[in-house]
Amino acid sequence: MASNYDSHGICRIVYIHAGKNKGTKQLKQDRHHIALFYDTMHLCFAKDPEYDHKQQTPDSSPCQLIEDLPRGQILGVMVLTEAFWFKRDQHTHLDEWILGPFVYTIGDVVRLEEGVAVDGQLGKWSPSKEIHQQIMQQTSVQRKLEQWQLQYGDRLYVGESDIPCAMTI
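Conventions we followed
- Residues numbered from 1 in each chain as written.
- Predicted model: local features only at pLDDT ≥ 70, side-chain atom pairs only at ≥ 80, totals over all residues.
- Heavy atoms only, no water.
- Helix = DSSP H or I, 4+ residues; strand = E, 2+ residues; numbered from the N terminus.
- Buried < 20%, exposed > 50% of the residue type's maximum accessible area, 1.4 Å probe, protein only.
- Contact = heavy atoms within 4.5 Å.
- Areas by Shrake-Rupley, 256 points an atom, 1.4 Å probe, with all protein chains shown as cover.
- Patch = residues over 30% accessible without salt bridge, like charges linked within 9 Å, V, L, I, M, F, W, Y side chains within 5 Å.
- Salt bridge = Lys/Arg side-chain N within 4 Å of Asp/Glu carboxyl O.
- Core = buried A, V, L, I, M, F, W, Y, C linked by side-chain atoms within 4.5 Å.
- Polar contact = N/O pair within 3.5 Å; in protein donor to acceptor, adjacent residues only side chain to side chain.
- Phe/Tyr/Trp six-rings, centres within 6.5 Å; stacked < 30°, edge-to-face > 60°.
- Expected span 1.5 Å × (residues − 1).
- Arc of directions from axis to C-beta.

(A) Highlighting the overall build of the chain. Within the chain, the regular secondary structure consists of 4 helices and 8 strands. The proportion of buried residues among the 169 residues of the chain is 38%. Contacts in the chain between residues far apart in sequence, at least 24 positions, make up 69% of those at least 6 positions apart. Carbon and sulfur atoms make up 50% of the accessible area of the chain, which totals about 10,700 Å².

The structure is reproduced here in structure tokens:
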């Protein structure tokens, strides 16, 4: 069974940064996730042999091109509620998005009204105070943080010096 984010049950706030890369060769060959992107988020690559972006998705929603999504900016804020090592034989009941080997459970996400342009780094990194202030001034973030504080209480961890870390995706 999944364990809490750490031994104290901390829920961590993290900024979501969309890197400048428009899709790696590895991602473009990952048929499992390409199908999930299409079916759940109506996203597809422009030159995909299985999913024609010019046609409607099964529920009649238009398909948005992954290549057209905003890049090189922080687009949202999420709260991670769990983290665990994924073992396929023990976690067969979990979500189809999970591949492992290490899994973060995203409890909730808020999209920024306006993305904040910033050069990211690979993996987890710390944004500047100025970037943090631009994010925190957005109404959607203020509302969501209030909601998370009520929901998670003292377990909610913002980050060192009260600045969340960022993850580039």
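Don't stop here, the text continues.
(B) Inspection of a nonpolar patch on the surface at higher detail. On the surface, W85, F102 and Y104 cluster together to form a nonpolar patch covering roughly 340 Å² of accessible area. Residue position: F102 is located in strand 5 (residues 102–117).

(C) Structural context of the nonpolar core. If you look at the biggest cluster of nonpolar residues, it comprises 19 residues, and the most contacted ones within it are I74, V77, L112, I135, W148 and L156. Of all the elements in the fold, those that place two or more residues in this core are strand 1 (11–18), strand 4 (73–85), strand 5, helix 3 (129–136) and helix 4 (139–152). For this core, the element with the most residues is helix 4, which contributes 4 residues. Setting aside chain neighbours within four positions, we find I135 in contact with Y15, I74, V77, L112, V116 and V141. Counting 6 residues, the second largest nonpolar core, distinct from the first, contains V14, I16, C165 and M167.

(D) Here's a closer look at the side chain of H17. Tracing the sequence through the fold places H17 in strand 1. Overall, the relative accessible area of 2% leaves H17 in the buried class. At 3.1 Å, the side chain of H17 forms a polar contact with the side chain of T168. Those residues in contact with H17 that lie beyond four places of it in its chain are G72, Q73, I74, V118, D119, G120, W125, M167, T168 and I169.

(E) The arrangement of the packing of aromatic side chains in detail. Overall, the coordinates contain 2 aromatic pairs when judged by the stated rule. Consider the rings of W85 and F102, whose centres lie 4.9 Å apart with planes at 70°: the pair is edge-to-face. A residue pair is termed long-range when its members are at least 10 positions apart, and W85 in strand 4 and F102 in strand 5 qualify at 17 residues. The partly exposed category is assigned to F102, whose relative accessible area is 35%. Relative to Y104, the ring of F102 has its centre 5.3 Å away and its plane inclined at 85°; by these criteria the two rings are edge-to-face.

(F) Expanded view of the side chain of Q138. By secondary structure assignment, the location of Q138 is in the loop between helix 3 and helix 4. Ignoring sequence-local partners within four residues, the contact set of Q138 consists of L112, E113, E114 and V116.

(G) Region of interest: helix 4. The terminal C-alpha atoms of helix 4 lie 20 Å apart, and with 14 residues this matches the ideal 20 Å at 1.5 Å per residue to within 8%. For helix 4, the full list of buried residues reads S140, V141, K144, L145, W148 and Y152. With its buried residues spanning 125° around the axis, helix 4 presents them on a single face. Across from the buried face of helix 4, at angles greater than 90 degrees, the exposed residues are R143 and L150. Along its buried surface, helix 4 packs onto strand 1, strand 4, strand 5, helix 3 and strand 7 (156–157). G153 occupies a position one or two residues after helix 4 and carries a positive phi of about 55°.

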